[in-house]
Amino acid sequence: MDYAWLIPALCAGAFFFNIIVSRQTGRLKHGLSAAVSIAAILAGFALFIVVFAGATEQLGEASASTESAQHLLFDRVPWFQVGSYPFFGTMVLDWVSIMMLGVVTFLSALIQIYSIGYMHGDNRFWWFFAVMSLFAAAMCTLVLSYNFLLLYMAWELVGLCSYLLIGFWYHERDNAEAAKKAFVTTRVGDVGFFIGIAILFVQTGTFQMDEIFRRVQLGSLSPGIVTAAGILIFLGAMGKSGQFPLHVWLPDAMAGPTPVSALLHSATMVAAGVYLIARAYPLFAASPITLGVVATIGTITLIFAATIALTQRDIKKILAYSTVSQLGYMVMALGVGAYTAGLFHLFTHAFFKALLFLGAGSVIHSLEPVLHGTGKSPNDIFWMGGLRKRMPVTFWTFLIAALSLAGIFPFAGFWSKDAILGGALGAGAWLPFIIGLITAFLTAFYMFRAIFLAFFGEPRWPAALGQAAAAGHAVPELVAPGVLATAATEPAAAGAMDVQTREPGEDVPAHVPAGPQSRPEQTAAEEHHAHQTLPHESPWVMALPLVLICVLAIGAGWVGIPGLFNPFAEAIHFGSPAEEAINPVAAGLGLLAGLLGIGLAAIMYWKPLLSPAAVANSLPGAYRWLYNKYYFDEAYQWLIDHVVLAISALMATFDRKVVNDGMVDHTGQAPVGLGARLRYLETGRVYTYAFAFVIGIVVAGAILAGIFPSITANFW
Amino acid sequence: MVPLEHILIFSAAMFCIGLYGVMARRNAVLVLMSIELMLNAVAINLVAFAGRLDPQRFAGIIFAIFVITVAAAELGLGLAIVLRVYRMRTTVDVDEIDLMRW
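Nothing here was measured: the structure is a model prediction, and the numbers come from that model.

Novice: Summarise the overall build of chain B; cite the residues concerned and give the values.
Specialist: A tally of regular secondary structure across chain B gives three helices and zero strands. Going residue by residue from the N terminus, the α and β elements of chain B occur as α-α-α. Taking 13 Å as the expected radius of gyration for a compact globule of 102 residues, we find that chain B reaches 17 Å, considerably beyond that expectation. If one aligns the C-alpha atoms of chain B with their principal axes, the spans along those axes are about 50 × 25 × 25 Å. Contacts in chain B between residues far apart in sequence, at least 24 positions, make up 47% of those at least 6 positions apart.

Below, the structure written as structure tokens:
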């Protein structure tokens, strides 16, 4: 408890050290910055273990001694004062915050180590690590704060850091746009969050969560206020956690470096929204309407994002929509009252999603030099293929993470997903349960679609190189031109997968550069330039974190085995502990859905018994809607162009004409105009003044005589 | 003794002549002389009232002496200004001295 505050403080210290000292050290700055940041986060993780050990003892005592068993320790630290009104920077330690603290420090540490390899050679390497430190500091502060004001500050800091990191390669316009989109979209939710806090402050006179929750539970706030504040705070969580109408920023956030995506999608940023719901749960639980809204939004999000993920080509976009969908599961679980299950999924998801992103980063990192200069995206799963043998560590860890995400026994995702499904079933929420099952099937399908396309089958990047050469793109000089020339003319090798005929519906201009539609390809070409331009396993700084996180992607679920070994549910629960028994219906159906999804992916993309093209062609409209993400971006663009900008133009006109011209300029011009007329009174002639003087005296005398007749009377 | 009314009428007439001079004359020296006339009319009033209303004390008479003193100082200053203006603009016509105009 006493050391918990040191974790964010250390990371913040690393950030300030890096931006003040490290940047001055010339060539050393990159190494120094990385070393300081990683040292800080590793120390943070070590401190987490200390805190964890201490808290186990203290929280154990607390729960033994008090009947309510709140599992809560908190300190009020005076923060600042306005007049005589004190504000506290309250820090809390309960199992929720300890769990999050562990996830954040562990994943941040490993992702930063991984970044040494991934970001190697970037000329703003030092700045990357500085911001990563600030990110970890902000997230730890958010997790520890027990005061809405402090939480809001950390919340915005997290938003700022994600903005800086998504736009890390800001010299490319798309990346800068994506960063802006993330910032603005989350801001929409944050406004709601802020209003919610303000309402609570006005009603209770405090930002302290303990007091607010006590009053909510005592019922001293009107139900309307509680519902309004709950929904407004949920708006903030929707923005950060990419829930349904505000999800648009999350897939675009892929513009950042892949380690950033991994961090953003697992431990920080998106986790903040779910964490906020869990933290403010007394407020949500007090209003059935709020919980209903939460459950509805979560359910919509989970199926909606999963369907989009079915058709994406970019491996990171698939993972991004998968994150949105999994966040939908968590929010849905919290909405139907399965508090423990929601947080359990947050916990396990953090590991396997970080692992998936780091694995995808590893693939992209190795494919990037191969496809460099061809205009083909190294993120595109249709240019991968056959990577299983070339990148065994990446393949196996990615596979395990995908199995975990698909909810396959006995990986981590199985336990948490089935806890959610069981929770929904237990709460009698049939619709979320059924949608959750369907989504489990879809999840397994799209993950294994990506795996079969990326890691199995024949390599397809030679085809990409051939296309690029034929289309006149610059090809890396390592590739012999003669080889490619033959590659472009020879007939296709047997079994080579033609990208265009496999999924014709995916031939979208934005992703596939112009070129001949059907192209023969030459796998022999790869043998010639094998040594340097072929994908290879990533260096150990990248592979090691994969393996370490992999252990948790398998085992993180084993702390929540119902009825057998379930310390998670004992520690983290709202009200009374959750039911101990496993729900066989939910678990069985969930597992079946996952296996069916994998099976379908296998027959479509591994052993082609069912052509994806045929499926896409039979439902062209649906395919187009999914591929274009339900046209959400276009709808928002239209909304901005036609509604927001129209209102803005109206406001601008009002400002210019009324406020600026009318109020400011005219008040200035009025005295000038008056003066221009009045100045002619000043003739400069003596008699004018003398005349005015005489008139003045006569008038003054008349007034005096009228007002003070007694003076005149006595005088005589 | 001369009745008070006669003195008041006399001084009022003198004041009005002075006022007319200030308003109508264009020669700065004559304007100054007219101002003197007005001041002297006031002084006459003061002396007249002093004798009637407050014979024991001499407040009114002292006031009159003050007026004469101040008038002398003012006239000295005024004539000096007129002299400077004449040097600068070769005229003492007040209508043409309109530097303070808009």
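So, next bit.
Novice: Got a sec to walk through the interface of chain B and chain A? Specific residues and values, please.
Specialist: Opposite the 11 residues of chain B that make contact, chain A presents 11 residues. The element best represented in the side of chain B that touches chain A is helix α1 (residues 4-24) of chain B, accounting for three residues. The class makeup of the residues in the side of chain B that touches chain A is eight nonpolar, no polar and three charged.

Novice: Could you give me a rundown of the packing of helix α3 (residues 95-118) of chain A against helix α4 (residues 125-144) of chain A, with the residues and numbers involved?
Specialist: Residues and elements named next belong to chain A. Put simply, α3 and α4 touch, their axes get as near as 9 Å, and they point 175° apart. Considering their axes alone, α3 and α4 lie roughly antiparallel with respect to each other. Each of Ser-97, Met-100, Leu-101, Val-104, Ser-108, Gln-112 and Ser-115 in α3 lies in contact with α4, whose residues at this interface are Phe-128, Phe-129, Met-132, Ala-136, Met-139, Cys-140, Val-143 and Leu-144.

Novice: Talk me through the pairing of strand β3 (residues 85-88) of chain A; I want residue IDs and the actual numbers.
Specialist: All names here are of chain A. Across four bridges, the pairing between strand β2 (residues 78-82) and β3 is antiparallel. Its bridge partner being in β3, Phe-80 is matched across the sheet by Phe-87. Where β2 folds back onto β3 in an antiparallel hairpin, the turn is made up of two residues, including Gly-83, whose phi is positive at roughly 65°.

Novice: Got a sec to walk through the nonpolar core? Specific residues and values, please.
Specialist: Among the nonpolar cores identified, the biggest contains 226 residues, and A:Phe135, A:Ile277, A:Ala354, A:Leu355 and A:Ala553 are the most heavily contacted of them. Not counting residues within four places of it along the chain, the set of residues in contact with A:Ala553 comprises A:Phe351, A:Phe352, A:Leu355, A:Ile400, A:Ala401, A:Ser404, A:Phe411 and A:Ala412. Counting residues in each nonpolar core, the second largest holds six residues, with B:Val31, B:Leu32, B:Val94 and B:Ile97 among its members.

Novice: Tell me about the packing of helix α8 (residues 223-240) of chain A against helix α11 (residues 270-279) of chain A, and name the residues and values.
Specialist: All names here are of chain A. Two elements in contact, α8 and α11, have axes whose closest approach is 7 Å; the angle formed by their N-to-C orientations is 155°. Taken together, α8 and α11 sit at an angle that is classed as roughly antiparallel. Handedness of the crossing formed by α8 with α11: left-handed. Taken together, the residues of α11 that come into contact with α8 (itself represented by Ile-233, Phe-234, Gly-236, Ala-237, Met-238 and Lys-240) are Val-270, Ala-272, Gly-273, Val-274, Leu-276 and Ile-277. Taken together, the residues that form the contact of α8 with α11 break down as nine nonpolar, two polar and one charged.

Conventions we followed
- Residues numbered from 1 in each chain as written.
- Chains lettered and ligands numbered in written order.
- Predicted model: local features only at pLDDT ≥ 70, side-chain atom pairs only at ≥ 80, totals over all residues.
- Helix = DSSP H or I, 4+ residues; strand = E, 2+ residues; numbered from the N terminus.
- Rg over C-alpha atoms; globule rule 2.2 N^0.38 Å.
- Contact = placed C-beta atoms within 7 Å.
- Nonpolar A, V, L, I, M, F, W, Y, C, P; charged D, E, K, R; others polar.
- Axes fitted to C-alpha atoms, helices over the stretch in contact; angles between N-to-C directions.
- Parallel < 35°, antiparallel > 145°, perpendicular 65-115°, else oblique.
- Pairing = 2+ DSSP bridges.
- Core = buried A, V, L, I, M, F, W, Y, C linked by C-beta atoms within 7 Å.
- Buried ≥ 20, exposed ≤ 12 C-beta atoms within 10 Å, placed from the backbone.
- Left-handed = near helix turned anticlockwise from the far one by under 90°.

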